[in-house]
Amino acid sequence: MRIVVLGLGYLGATHAACMAEMGHEVLGVEVIPEKRAQLAAGEVPFYEPGLPELLKRHIDGGSLKVCGSYAEAADFGDVFFIAVGTPQKKGEYSADLKYVDAAIEELIPLLSRDVLILGKSTVPVGTTQRLSERVDELAKDVEIELAWNPEFLREGFAVEDTLHPDRVVLGAFSGGQAELICREVYAPILEAGTPFIVTDPPTAELVKTSANAFLATKISFINAIAEVCDAAGADVKAIADAIGYDARIGRRFLNAGLGFGGGCLPKDIRAFMARAGELGAAEALSFLREVDNVNMRRRTRMVELTREVCGGSLLGKRIAILGAAFKPESDDVRDSPALNVAGQIQLQGASVTVYDPKAMDNSRKLFPTLDYAESAETACDSADVVLVLTEWREFVALNPTKLAAEVRQKNIIDGRLCLDEREWVSAGWNYAS
Ligand code: UGA
């Protein structure tokens, strides 16, 4: 099929490359010229394992093309995916839909034949209905069907999650062709037995926001238990392991630590609360405010813990921060807990040096006043405390004996419960988590 993907960020670029991998002819539309040029040359402008190889193969093979023109896209496609960003509005909790709205406003008047538009971006419930009414106003003598097909990929596993998803969800209005067309678009995935849930648009929109709200709740649950463990002298990791054996609970997403960040979970739970409020159902989601609070408390607690380890004041101390990405296998620093902590510690008078295997450029752009080092070892040079805030394998594998030679004081804080405490303690380090 001839497929257009509008917006080539983490989601769109991955989706476009994976659609080509599934045998479709794909045209990706990216409005930022630098990004477009990189992608057209087969380069991925962010770190996503496995994507560069896939993208290059399909760009070189001709099944994936990149352009900046909606008119070209309108001529080309049978199916259009909307994969533009829906960030949090500045100073508000709700999602900013200006990019989704702009995509519809620009594309629809250019269409000269019947097509299906599938929304992938995460949107508040009710968006498909609202946009569908606008599509009908803008369409000129053509039948345009709009449906929502939310995406569940994780950064760092984006290709794997797109090619082998847990489920495909479609929210379509009755009487259309969306289900039939989706069966063709996702044929290899559905033939492999992947569950395909066909429902109405508000349900599909809510599937996505509910999934992210549940994941965020799971993380904040274990972090709330961690607070009690701190007070009671108990081991939260052992609790997560023990309760995780119960299949009803499950061990995944029960890793206590610095909490969740990134471009999705934080803004999605806030947008979900805002939307529930608009619908008069605010009370139903009031627990998400606590989920958010628990999560944000992790960051301040990490700053306090560092201050405690420094003997009560951060003034004049040298702090090494290992990890800046919001999670490993990503260079994304949007709402990164690690950088947030780094910034707070610096504001309290410490000199902070950050190292991350992949997120250095993005971190420099966001926090230009922090110091950056080219390796974990150089970041730790003369440090009073070393903080591991993103659980990159490189940090898990650090040799405590070797690192001891770099630092001024052997204080390590494990912000992701990813280090072997005994190993660090037996190498003479003061370990805190
Ligand atoms: C999340 C969801 O997992 C995806 O299913 C969803 O498609 C995506 O958002 C989205 O809406 O686009 P992602 O933001 O890539 O994916 O990252 P996650 O793997 O969910 O991690 C989110 C944050 O939670 C990270 O900061 C991670 O360090 C933290 N986390 C995760 C924990 O603190 N503890 C855990 O046990 C798991």
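A. Fine view of the packing of helix H10 (residues 201–232) against helix H11 (residues 236–244). Interhelical geometry of H10 versus H11 gives an angle of 135 degrees and a closest axis separation of 9 Å. Here H11 runs oblique to H10, going by the angle between their axes. As for the relative orientation of H10 and H11, their crossing is right-handed in sense. Every residue of H11 that contacts H10 at Phe 221, Ile 222, Ile 225, Ala 226 and Cys 229 is listed here: Val 236, Ile 239, Ala 240 and Ile 243. Per-class residue counts for the contact of H10 with H11 are 9 nonpolar, no polar and no charged.

B. Seen up close, the side chain of Asp 161. By the secondary structure assignment, Asp 161 is in helix H7 (residues 158–163). A polar atom in the side chain of Asp 161 sits 2.8 Å from the side chain of Arg 154. Once you skip the residues sitting within four places of it in the chain, Asp 161 turns out to touch Phe 152, Leu 153 and Arg 154.

C. Molecular detail of the site of the ligand. In the vicinity of the ligand, 21 residues are found, and the nearest of them are Leu 153, Glu 155, Lys 208, Asn 212 and Phe 326. Leu 153 places a polar main-chain atom, nitrogen or oxygen, 2.7 Å from an oxygen atom of the ligand. Protein coverage of the free-state accessible area of the ligand, which is 710 Å², stands at 90%. Residue assignment for the shell around the ligand shows that the elements contributing at least two residues are H10 and helix H12 (265–278). Among the elements that take part in the shell around the ligand, H10 stands out by supplying 4 residues, more than any other. Here the shell around the ligand is built from residues that sort into 10 nonpolar, 4 polar and 7 charged. Per-domain counts for the shell around the ligand show at least three residues from each of domain 1 (2–199) and domain 2 (211–433).

Criteria and cut-off values
- Residues numbered from 1 in each chain as written.
- Predicted model: local features only at pLDDT ≥ 70, side-chain atom pairs only at ≥ 80, totals over all residues.
- Heavy atoms only, no water.
- Axes fitted to C-alpha atoms, helices over the stretch in contact; angles between N-to-C directions.
- Helix = DSSP H or I, 4+ residues; strand = E, 2+ residues; numbered from the N terminus.
- Parallel < 35°, antiparallel > 145°, perpendicular 65-115°, else oblique.
- Left-handed = near helix turned anticlockwise from the far one by under 90°.
- Contact = heavy atoms within 4.5 Å.
- Nonpolar A, V, L, I, M, F, W, Y, C, P; charged D, E, K, R; others polar.
- Polar contact = N/O pair within 3.5 Å; in protein donor to acceptor, adjacent residues only side chain to side chain.
- Near = heavy atom within 4 Å.
- Areas by Shrake-Rupley, 256 points an atom, 1.4 Å probe, with all protein chains shown as cover.
- Domains from an automatic or database assignment.

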